[in-house]
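Observations on chain architecture
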Amino acid sequence: MSRAAALRPLHRAIAGYYAGRLARFGATPLGVDWTCMPTQHLRHLQLLRLCDTTAPATVNDLGCGYGALLELLEDRHPGWAVDYCGVDVAAAMVRAARRRWRGRPATRFATGAAPPRGADYGLASGIFNVRLDHDLIVWEAMVAATLAALARTSRRGFAVNLLLPPAKPGLYAAPPERWAAHCRDRLGLVVEVVAGYGLPEATLIARVPPG
């Protein structure tokens, strides 16, 4: 069985979980399991440390939900020319995002567990957090596969965030150096760990080395 096939049940469970959140709370931070918009945007700001927002760029937003990153871009970087692709395993989220951002130029959404195209940057907020009752080995196989997909589809680099230990029941947390070392040693990237921004998490910024 291929790795992708082995991870399909996990992806279906994640999609079902977030579809339930969306049905209950709508296209709001609670609908994607965040407490409020300020902390949601604070996470996105850490991810955007990767990006040169002064030059046109293509961006893949993996785990896009209803497209909350676009709200921040319109507020903080209204002049940034971004060709945006949002991707989510939950088809219900993709439908909500398409409704919310219908007509926005250079904006598309797709259902899936990996970006469907190459882009300058890959961003992913909170996609590793909600482990539910999945086995740790299977969950970390999903994390590794997702990081590999981001590396494969990001020409300049990608950024993700991780909860810091200890993990609450049903969540996944890991020392950031564990996955920073993976990105350096297995994926050949230059990695920066950003922490201390007021949330119990860290952001990994993984850049493609020059040359």
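Here, every reference points to the structure presented above.
Our subject in this report is the structure included herewith. What you see is a predicted model; the values in this text were computed from it and never measured.

Calculation rules
- Residues numbered from 1 in each chain as written.
- Predicted model: local features only at pLDDT ≥ 70, side-chain atom pairs only at ≥ 80, totals over all residues.
- Heavy atoms only, no water.
- Helix = DSSP H or I, 4+ residues; strand = E, 2+ residues; numbered from the N terminus.
- Rg over C-alpha atoms; globule rule 2.2 N^0.38 Å.
- Buried < 20%, exposed > 50% of the residue type's maximum accessible area, 1.4 Å probe, protein only.
- Areas by Shrake-Rupley, 256 points an atom, 1.4 Å probe, with all protein chains shown as cover.
- Lys, Arg positive; Asp, Glu negative; His and termini not counted.
- Charge placed at Lys NZ, Arg CZ, Asp CG, Glu CD.
- Salt bridge = Lys/Arg side-chain N within 4 Å of Asp/Glu carboxyl O.

Notes on the overall build of the protein chain
- Of regular secondary structure, the protein chain possesses six helices and seven strands.
- What you see in the protein chain, going N to C, is helices and strands ordered as α-α-β-α-β-α-β-β-α-β-α-β-β.
- In summary, the protein chain has a C-alpha radius of gyration of 16 Å against a globular reference of 17 Å for 211 residues, a match within 12%.
- For the protein chain, the spread of C-alpha atoms along the principal axes amounts to about 45 × 40 × 40 Å.
- Burial status across the protein chain gives 51% buried among its 211 residues.
- Summed over its atoms, the accessible surface of the protein chain is roughly 9700 Å², and 56% of this surface lies on carbon and sulfur atoms.
- For the protein chain, the separation between the mean place of its 25 positive charges and that of its 16 negative charges on side chains is 5 Å.

Re the pattern of salt bridges
- Within the structure shown, the criterion is met by eleven salt bridges.
- Here Arg104 ties to Glu74 by a salt bridge, and the two come within 3.2 Å at their closest N and O atoms. Taken together, the residues Arg104 in the loop between helix H4 (91-100) and strand S3 (107-111) and Glu74 in helix H3 (residues 68-76) connect sequence positions 30 residues apart.
- On the basis of relative accessibility, which here comes to 42%, the residue Glu74 falls in the partly exposed class.
- Across the pair Glu192 and Arg207 runs a salt bridge whose closest N-O atoms are separated by 3.2 Å. With a gap of 15 residues between them, Glu192 in strand S6 (residues 190-194) and Arg207 in strand S7 (residues 201-207) connect regions that are remote in the sequence.
- For Glu192, a relative accessible area of 32% gives the class partly exposed.
- In this structure, a network of salt bridges that share partners links the residues Asp83, Arg108 and Arg117.

Description of the environment of Thr28
- Positionally, Thr28 belongs in the loop between helix H1 (3-25) and helix H2 (37-47).
- The class of Thr28 is partly exposed, set by a relative accessible area of 31%.
- Taking the C-alpha atoms as reference points, Thr28 and Ala68, separated by 40 residues in sequence, lie 8.4 Å from one another.

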